[in-house]
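# Report on the structure
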Amino acid sequence: MLFFLALPLIIYLSFKQKYKESIPARFFLYNNPPFKTEEGLWFHVCSLGEARALKPLLTMLNLQNVKITTITQTGQNEAKKYRAEVRYLPYESYLPFWIKSSKVLVVLEAEFWYLLFRVAYARGAKIILLNARISDKSVDKYIKFAWFYKKLLTFVDTIYAQSEVDRERFLALGAKSVEVIGNIKLAGEISKTKEYEKPDALTIVAGSTHDGEEDAVLEAFLNYKKFRSDAKLIIVPRHPERFEAVYELIKRRVSHNGLSYSRFSDGSGFESDVVLVDMMGELNNIYAISDVAVLGGAFRDDIGGHNPLEPAFFGCKIITGKHFFHQKELFRYVQDVQYVDIDEIENAFKKAQNLPASRVQEKINLEPVVRKIKEYI
């Protein structure tokens, strides 16, 4: 009934660039049939980060019959790079008619869909939760609905948690077999796709930024520019649908300060004082030529932060906000990060010149996960 009541909103959202492929596929099964093959190994992930994190595991497994479902379009695009059948996970009401049998279902992070678990279990799948987490911000919700999650977790055979805290939280919800292996994103290969020449200047990148964060970074940069005249700022918004809005913001904030600005897509490179990167897939290439990285998603209290491993891998000095609850486990492995409030970014720029580059301290061993999956297969 709620589905039918929500139809006008669902149809409206399906015309937005961000959802034009995923909503028709998930809510109307458009170009989204059941998997052609049965049995085998099925991974379910939400979006880009989790889809990308599958790469080392898939390489180690080297299996033929692999299936992947995603929620978002960016996750779908990433999953299609693998040798696998790829689909969108349909809305739950469709799942009893859509799911075929699989030997193993591996669900990443916090994708806890009751009918996904219930139907896959009924079709004979062993269910593994991988990179499982219950964030500080969400724990109260899980406790409040403990009766629901206890029921859901009865279908799960093995849980590989990100941290000891996550393990304790899952055990409190009635989970039986929980092992801590850390965050599997630590196992991922980090690379760049293009070589750019580093600007002959102090280069600051604001990566994976959200609404409100670009404005704060721009203000801090404009003030810092008076202190360090050779500094350049490169802004890479998280979502492509915001490119135009961010460019208009840059134009308003920068033009009357006598500074130059440009869009990366116009081919002028990094000559300007402020550059908007309005193309997808460039962030690692930009980290590779940057001195300081302002990592977005953590200056607001509703996002939860973004992956710090990439800027740390390329030797950036990382500045981020204090609301990184979804990435808490990853930040535990990264040293020399400045965690600041949104009005402290300018001061963090000044401090950065006397700090070492951020760096990743540890790696993860995926062998236990590989052995378990092969045991079930």
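Below: a short report on this structure. (Residues numbered from 1 in each chain as written. Predicted model: local features only at pLDDT ≥ 70, side-chain atom pairs only at ≥ 80, totals over all residues. Heavy atoms only, no water.)

You will see that Asn31, though not glycine, has its phi angle at about 55°, which is positive. Within the element layout of this structure, Asn31 appears in the loop between helix H2 (22–28) and strand S1 (41–44). Not every positive phi belongs to a glycine, and Asp336 is a case in point at roughly 60°. Relative to the elements of secondary structure, Asp336 occurs in the loop between strand S14 (334–335) and strand S15 (337–339). (Helix = DSSP H or I, 4+ residues; strand = E, 2+ residues; numbered from the N terminus.)

What follows deals with the sheet that holds strand S7 (residues 178–180). Within the open sheet, the seven strands sit side by side as S3-S2-S1-S4-S5-S6-S7. Their pairing is parallel. A single partner strand is all that each edge strand has here, and the edge strands are strand S3 (85–88) and S7. Going from strand to strand, the sheet's axes swing by 20° on average, the running direction of each strand aside. Sheet topology note: the S1/strand S2 (residues 66–70) ladder contains four bridges and is parallel. Pairing of His44 across the sheet is with Thr69, part of S2. In the packing of helix H10 (residues 164–172) onto the sheet, contacts are made with strand S5 (126–132), strand S6 (158–161) and S7, and the angle to S7 comes to roughly 170°. (Pairing = 2+ DSSP bridges. Axes fitted to C-alpha atoms, helices over the stretch in contact; angles between N-to-C directions. Contact = heavy atoms within 4.5 Å.)

Considered for burial, the residues of helix H7 (residues 114–122) that qualify are Leu116, Phe117, Val119 and Ala120. Buried positions along H7 lie against S1, helix H6 (95–98), strand S4 (104–108), S5 and helix H9 (146–153). Two residues or fewer after H7 comes Gly124, characterised by a positive phi angle close to 100°. (Buried < 20%, exposed > 50% of the residue type's maximum accessible area, 1.4 Å probe, protein only.)

Next up on the list: the packing of aromatic side chains. In total, this model carries 28 aromatic pairs according to the counting rule given. Seen in terms of ring centroids, Phe3 and Tyr94 are 6.4 Å apart; in terms of plane orientation they differ by 85°. Their pairing is edge-to-face. Within this pair, whereas Phe3 is found in helix H1 (residues 2–13), its partner Tyr94 is found in the loop between S3 and H6, the two being separated by 91 residues in sequence. For Phe3, a relative accessible area of 15% puts it in the buried group. For the pair Phe148 and Tyr149, a centre-to-centre distance of 5.0 Å together with 80° between the ring planes defines the contact as edge-to-face. Judged by relative accessible area, which is 25%, Phe148 ranks as partly exposed. We classify Tyr149 as buried; its relative accessible area is 10%. Taken together, the ring pairs connect Phe112, Tyr114, Phe117, Tyr121, Tyr142, Phe145, Trp147, Phe148, Tyr149, Phe155 and Phe170 into an aromatic cluster. Sitting over the ring of Tyr142, Lys141 keeps its end group 5.0 Å from the ring centre. Residue placement shows Arg263 over the ring face of Tyr247; its charged tip is 4.7 Å from the ring centre. (Phe/Tyr/Trp six-rings, centres within 6.5 Å; stacked < 30°, edge-to-face > 60°. Lys NZ or Arg CZ within 6 Å of the ring centre and 35° of its normal.)

Moving on, we come to the nonpolar core. Within the largest apolar cluster, 55 residues are counted, with the highest numbers of intra-cluster contacts made by Phe43, Leu57, Ile68, Val106 and Leu130. No other element matches helix H17 (residues 367–376), which puts four residues into this core. Leave out the neighbours within four places in its chain, and Leu130 touches Leu57, Val106, Val107, Leu108, Glu109, Tyr160, Ile181, Ile184 and Val369. Listed in part, the 33 residues of the second largest apolar core include Leu116, Val139, Tyr149 and Val178. (Core = buried A, V, L, I, M, F, W, Y, C linked by side-chain atoms within 4.5 Å.)

Attention now moves to the pairing of strand S12 (residues 292–295). Side chains Val292 and Val294 of S12 all project onto a buried face; the interleaved residues Ala293 and Leu295 project onto the opposite face, where all are buried too. By the bridge criterion, four bridges tie strand S8 (residues 203–209) to S12 in an arrangement that is parallel. For Gly207, the partnering residue across the bridge sits in S12 and is Leu295. Pairing analysis gives four bridges linking S12 to strand S13 (residues 317–320), with the strands arranged parallel. Paired with Val294 across the strands is Ile319, a residue of S13.

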